[in-house]
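Analysis of the macromolecular model
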Amino acid sequence: MRSFNAGILILFALFAVGANSRSAFAQGECTGVQIFTAKACAGDANSADEKALFEMVNSYRMASKLPPLRLSQSLSIVANRRMLDLRQNLKTLTHSWSDCKYDLSDAKTWHCVTDAPRKLKCGYNGEGYETLYRKTKGKATPALALGEWKKSQLHNSIILNDGMFRTMPWDEVGVAIAGEYAALWFGFPGGSSAPTAGFGYSEAVSGMPNVFTIKQSNGKESAATADNSIVLNISGPNREIGEIFLGLDSGKLNPQTRATASSVLKNLFPNWPDIDGWLDRSTAAIDANQTATRTKIVGKFRIEMSSGGKDALRLRFDRH
């Protein structure tokens, strides 16, 4: 925990993946254990302050040439239930939930936070990256919360996909503000429950022995080049490739990264004749406009390139 003049910040980072939209419903008062089982609680719908914080986060990202995020209704439910639990049940700032005690030094308790979205059955099937803020006196406001997050190198790097979060580009965020507290829950697209295109890892790296190294982190598997300029996210029991992250140098792919990325794409799409040209044109388009998306249809597959955060591109594949 780190204290600031305007309030207290606290962070727990967890690997995250896509979320589904929430349908409209009537909201009721939730107290005690009801927050864990109720389909709808007061505060689940985003307030004017929460929408303002969401817009401020996006403006801050776009000023740093990063793509804007979607406002996730599902992750906003998680953030609001966190508010309810902190204010009504725990009455203190902590990463524990009232029904599950979290201890940073005990890995066996980490599921208390990482499984929260699934436990709440909000429509979000993955884990989450959470940042919390508390004002020591008075009520939290969008400007105060974001202002303090900016002052923290760690929190700022989460919002701007910098440092250790460079290869984890968020595409959505949930927001909650209640009393002295505020929360952001970021969604990471790599672990979405949506089906991948069905490409196996061995197929993707065929003919490239020792170029990629398999890595394990918090139960997630990926493969990366020695310099981490290319990261392949691997999912499912069949070790399928659903997306690739490409590091950029001054907005461009360096020759080695471009050549390796081209080889992977040629393994996956042997009937795509203009891979190199598409890579160059798409990279240039996104360098000029960080909110741009480039799409290519090859047979039954859809390939999408977009910004992958600061100095990175993201390639995603699915069947169309």
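Coordinates for the structure precede this section.
This text gives an overview of the structure that appears in the document. Just so you know, these numbers come straight off a predicted model, no measurement behind them.

**Notes on the packing of helix α9 (residues 255–268) against helix α10 (residues 275–288)**
Here α9 crosses α10 at 125 degrees, and the two axes come no closer than 10 Å. With respect to α10, the axis of α9 lies oblique. In this structure, α9 meets α10 at a crossing whose hand is right-handed. Residue-level inspection shows R258, S262, L265 and K266 of α9 in contact with α10, the latter providing I275, D276, L279 and D280.

**Structural notes on the state of the cysteines**
The full count for this structure, using the stated rule, is two disulfides. Look at the chain and number its bonded cysteines as they come in the sequence; the links are 1-2, 3-4.

**Here's the deal with the nonpolar core**
The biggest cluster of nonpolar side chains holds 33 residues, and the ones touching the most others in it are F212, L232, I244, F269, L315 and F317. Formed by 28 residues, the second largest nonpolar core is a distinct cluster that contains Y60, Y129, I159 and F165.

**Remarks on the environment of K39**
In this fold, K39 is placed in the loop between α1 (34–37) and α2 (48–63). C-alpha separation for the pair K39 and L120, spaced 81 residues apart in sequence, amounts to 8.8 Å.

**Quick notes on helix α3 (residues 73–90)**
When the terminal C-alpha atoms of α3 are compared, their 24 Å separation across 18 residues agrees well with the 26 Å that a helix rising 1.5 Å per residue should span. N-cap assignment for α3: the residue whose side-chain oxygen lies 3.4 Å from the backbone N of S74 is S72. Where α3 ends, the next residue or the one after it, K91, has phi of about 55 degrees, a positive value.

**Examining α2**
Think of an α-helix as turning once every 3.6 residues; residues three or four places apart then point the same way. Taking 1.5 Å of rise per residue, the 16 residues of α2 would be expected to cover 22 Å, and the 22 Å separating its terminal C-alpha atoms lies within 8% of that figure. Taken as a whole, α2 has its buried residues at E50, L53, F54, V57, N58, Y60 and R61. Down the axis of α2, the buried set is contained in an arc of 160 degrees. They therefore lie on one face. When the buried face of α2 is taken as reference, the exposed residues oriented beyond 90 degrees from it are A48 and A63. Residues of α2 that are buried sit in contact with β3 (70–71), α6 (142–151), α7 (153–159), β5 (172–178) and β6 (181–187).

**Examining the side chain of N46**
Positionally, N46 belongs in the loop between α1 and α2. Given the relative accessible area of 12%, N46 is considered buried. There is a polar contact of 3.4 Å between the side chain of N46 and the side chain of E50. Within the structure, N46 has its side chain in polar contact with the backbone oxygen of V175 (distance 3.2 Å).

**Let's talk about the pattern of salt bridges**
Opposite charge on two side chains lets them pair, provided their charged atoms get close. A full pass over the atoms with the stated rule returns 15 salt bridges. Ionic pairing is found between E172 and R70, a salt bridge with its closest N-O pair at 3.8 Å. Here the residue E172 occupies a position in strand β5, and R70 occupies one in strand β3, the gap between them amounting to 102 residues. With relative accessibility at 4%, the residue E172 sits in the buried group. On the basis of relative accessibility, which here comes to 48%, the residue R70 falls in the partly exposed class. The partner of R258 in a salt bridge is D280, with the nearest N and O atoms 2.8 Å apart.

Cut-offs and rules
- In this convention, every chain numbers its residues from 1, walking through the sequence in written order.
- Thresholds applied to this predicted model are a pLDDT of at least 70 for local features of residues and 80 or more for the giving and counting of side-chain atom pairs; totals over whole chains, interfaces and linings are not thresholded and use all residues.
- The side-chain figures draw on all heavy atoms in the structure; neither hydrogens nor water molecules are used.
- To get an axis, fit a line to the C-alpha atoms, keeping to the stretch in contact for a helix; angles then go from 0 to 180 degrees between the N-to-C directions.
- Numbering of helices and strands starts at the N terminus; helices are DSSP runs of H or I of at least 4 residues and strands are runs of E of at least 2.
- Oblique is the label for any angle not under 35 degrees, not over 145, and not in the 65 to 115 range, which are roughly parallel, roughly antiparallel and roughly perpendicular in turn.
- Two helices that cross are described as forming a left-handed crossing if the nearer one is turned anticlockwise from the farther one by less than a right angle, and a right-handed crossing if clockwise.
- Note on contacts: a residue pair is in contact if any heavy atoms of the two residues lie within 4.5 Å.
- Disulfides are defined as cysteine sulfur pairs within 2.5 Å.
- Throughout, nonpolar core names a set of buried Ala, Val, Leu, Ile, Met, Phe, Trp, Tyr and Cys residues whose side chains join them through atoms within 4.5 Å.
- With a 1.4 Å probe rolled over the protein chains alone, any residue whose accessible area is under 20% of its type maximum counts as buried; one over 50% counts as exposed, and the rest are partly exposed.
- By this rule, a helix spans an expected 1.5 Å times one less than how many residues it contains.
- The term polar contact refers here to a pair of N or O atoms within 3.5 Å; inside protein, the definition further demands a hydrogen-donor-capable atom paired with an acceptor-capable atom, and it admits residues adjacent in sequence only when both atoms are side-chain atoms.
- As used here, the arc belongs to the directions running from the helix axis to the C-beta atoms.
- Should a side-chain nitrogen of Lys or Arg be within 4 Å of a carboxyl oxygen of Asp or Glu, the pair is scored as a salt bridge.

Bear in mind that shape data such as this cannot, by itself, settle questions of function.
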